[in-house]
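# Residue-level structure breakdown
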Amino acid sequence: MEAKAAAAEKAVEYIENGMTVGLGSGSTSYYAIRKIGERVSQGLRIRAVASSTQTASLARECRIRLTDLTAIDRIDITIDGADEVDKQLNLIKGGGGALLREKILAYNSRQTIIIVDDSKLVDILGKFPLPVEVAPFAVDLTLAQLKRFKIDLNIREVQKEKFITDNGNLIVDCHFSAIRDPEELNMKLLLIPGIIETGLFPHTPFTRVIVGYADGATQILGA
Ligand code: 5RP
């Protein structure tokens, strides 16, 4: 079994009847959503909220009952991927550009399970460029503020077109190389007007990480 699928399938074991489930985005979450769909077809009764339009259409395809974020007051469990996980279980997310909704889901969940293959484990965050969601109408001013961190930056493009998030914003990928204090950097970035959210997810006690390995084994970190 693929490492990502192993982590995803282990995480889905935590879902129980009656739960409201947050669905992440990306290729590892894909396996989790498919597995949830399988369990739904076998009688599991849940409702779900999606972190992206792509995830919402996959969930519909898998016949998972979706509800709107405005229609719920709690999420029992969110299962989502990550781009980097450090030893303290701080994360970089947003490789797929869904970081704002992903962070809202994680923040409002009683528990969040992050699913990764072992290539995502790092000593220190930052080799993966940190995605930052930015309001498009003032992007140049926001970029000027980001340049004060003396880092390389680029506005994300897909096929030579600016990438637009599900929320109508831009993603600026920030090449920090080494992020020594994720919590502090997250707070500093959020103080810049025009930055809507960052892909830095400082560890919380409600988050655990399931790591999948190529031989199908899994390891649970945290909580
Ligand atoms: C999307 C995300 C993804 O969870 C992250 O990019 C990991 O993706 P993958 O599972 O494809 O490696 O944060 O915004």
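So, here's what we can say about the structure. Everything numeric in this text was worked out from a predicted model, so none of it was measured. (Residues numbered from 1 in each chain as written. Predicted model: local features only at pLDDT ≥ 70, side-chain atom pairs only at ≥ 80, totals over all residues. Heavy atoms only, no water.)

This part covers the site of the ligand. In the vicinity of the ligand there are 17 residues, among which Ser27, Thr28, Asp83, Gly94 and Lys120 approach most closely. Thr28 is positioned with one of its side-chain polar atoms (N or O) 2.6 Å from an oxygen atom of the ligand. Measuring from an oxygen atom of the ligand, one finds a side-chain N or O atom of Asp80 at 3.4 Å. The protein chains hide 91% of the 380 Å² of surface that the ligand would expose on its own. (Near = heavy atom within 4 Å. Polar contact = N/O pair within 3.5 Å; in protein donor to acceptor, adjacent residues only side chain to side chain. Areas by Shrake-Rupley, 256 points an atom, 1.4 Å probe, with all protein chains shown as cover.)

Right, let's talk about the nonpolar core for a bit. In summary, soluble globular proteins display a tendency toward joint burial of nonpolar side chains. Ile15, Val21, Ile36, Ile46, Ile64, Ile79 and Ile115 are the most contacted members of the largest nonpolar core, which has 23 residues in total. Contributing elements (two or more residues each) for this core: helix H1 (3–12), strand E1 (20–23), helix H2 (27–41), helix H3 (53–61), strand E3 (75–80) and strand E6 (109–117). Top contributing element to this core by residue count: H1, with four residues. In this view, Ile64 contacts Ile33, Ile36, Gly37, Val40, Ile46, Ala48 and Ala59; residues no more than four positions away in its chain are not counted. Of all hydrophobic cores here, the second largest spans 21 residues; its members include Val139, Leu143, Ile151 and Leu189. (Core = buried A, V, L, I, M, F, W, Y, C linked by side-chain atoms within 4.5 Å. Buried < 20%, exposed > 50% of the residue type's maximum accessible area, 1.4 Å probe, protein only. Helix = DSSP H or I, 4+ residues; strand = E, 2+ residues; numbered from the N terminus. Contact = heavy atoms within 4.5 Å.)

What follows deals with the sheet that holds strand E12 (residues 195–198). The strands making up a sheet associate through backbone hydrogen bonding, with each pair oriented either parallel or antiparallel. Taken in spatial order, the four strands line up as E8-E11-E7-E12 in an open sheet, and their pairing is antiparallel. Only two strands of the sheet have a single partner each, and these edge strands are strand E8 (152–155) and E12. Across the sheet, the axes of successive neighbouring strands diverge by a mean angle of 25°, strand direction being ignored. Where strand E7 (residues 130–134) lies against E12, three bridges are found, and the strand directions are antiparallel. Across the sheet, residue Glu133 finds its bridge partner in E12, namely Glu197. In this fold helix H5 (residues 139–147) packs onto E7, E8, strand E11 (170–175) and E12, with an angle of close to 160° to the strand it touches most, E8. (Pairing = 2+ DSSP bridges. Axes fitted to C-alpha atoms, helices over the stretch in contact; angles between N-to-C directions.)

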